[in-house]
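Inside the fold
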Amino acid sequence: LFILHSDADTEWVEDWLIPRLEAQGITVATHEDFRIGRTVSLNYEKAVEQSRYVAFVLTPEGLDDRWAAFAASLALHRDPANLTERLLPLLLRPCPELPAALRDLTPADFSDDDPEAKVAKLIAILSGQEDVYSRSPTSSIQHTKAITSFDKAIELDPTDAVAHNNRGLELYEFRQYIQAITSYNKAIELNPAYPLPYYNRGIVLYALERYTEAIAS
């Protein structure tokens, strides 16, 4: 785990967060671990590239930190919608105006009155004990209804490329990767100029470790 944070949040990261993560066997790195003599930008690039997860401590100071923001943008460069859930926002203090790329991501809210519960959930995700794609029964029902709705839309208009693409997104949420690819392929067949299904198919192929095909898509 590579943690992005501002200098103003160093004490919380170093004294509160990292000890709890390392106590559970999580390997953690911050900019304090950078290689001496290497450019700062390259250090950030290497850290983001080599880390399974990247956590961004969200505070007004963190958002103003140009290097933390730079590294967060690197993490989202190949996955702008964060569909792989690799970038983990950690809300430490309220941020009135989040960047558009972060606004739709659900954070671990450490600003509330139960931070221990949040760090326990974070540890479960980082250690693979919790399926980051798992859904509550209510949420699963909502996704099932969404798929059914797209099926009906496609039945009414089989040439609707957007409906096929959106159906693929819902299937991806359930990790039904092959079915999702089928939906994306159909959307591409119907509208080759429509860019989203190419990108979404690439995300699924990446999840399947079919990297050459993912890059091509």
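The following paragraphs examine the structure supplied in this document.

Conventions we followed
- Residues numbered from 1 in each chain as written.
- Predicted model: local features only at pLDDT ≥ 70, side-chain atom pairs only at ≥ 80, totals over all residues.
- Heavy atoms only, no water.
- Bend = angle between axes of the 7 residues up to and from the residue.
- Helix = DSSP H or I, 4+ residues; strand = E, 2+ residues; numbered from the N terminus.
- Buried < 20%, exposed > 50% of the residue type's maximum accessible area, 1.4 Å probe, protein only.
- Contact = heavy atoms within 4.5 Å.
- Phe/Tyr/Trp six-rings, centres within 6.5 Å; stacked < 30°, edge-to-face > 60°.
- Lys NZ or Arg CZ within 6 Å of the ring centre and 35° of its normal.

In this section: helix 1 (residues 10-22). An α-helical turn contains 3.6 residues, so any two residues separated by three or four positions project in the same direction. The sharpest bend along helix 1 comes to roughly 25°, located at Trp 16, with the proline Pro 19 sitting one to four residues further on. Within the sequence span of helix 1, burial applies to Trp 12, Val 13, Trp 16, Leu 17, Ile 18 and Leu 21. Summarising the contacts, the buried residues of helix 1 are in contact with strand 1 (2-4), strand 2 (54-58), strand 3 (87-91) and helix 6 (115-126).

Looking at where Asn 200 falls in the secondary structure, it is placed in helix 10 (residues 196-207). With a relative accessible area of 5%, Asn 200 lands in the buried category. Once residues lying within four places of it in the same chain are set aside, the contact partners of Asn 200 are Leu 83, Asn 165, Leu 169 and Tyr 184.

Under the counting rule described, the total for this entry stands at 10 aromatic pairs. Aromatic side chains Tyr 44 and Trp 67 sit 5.7 Å apart centroid to centroid with 5° between the ring planes, which places their arrangement in the stacked category. Highlighted residues: Tyr 44 in helix 2 (residues 40-50) and Trp 67 in helix 4 (residues 66-77), separated in sequence by 23 residues. Judged by its relative accessible area of 25%, Trp 67 falls in the partly exposed class. We note Arg 52 situated over the ring of Tyr 53; from NZ or CZ to the ring centre the distance is 4.3 Å.

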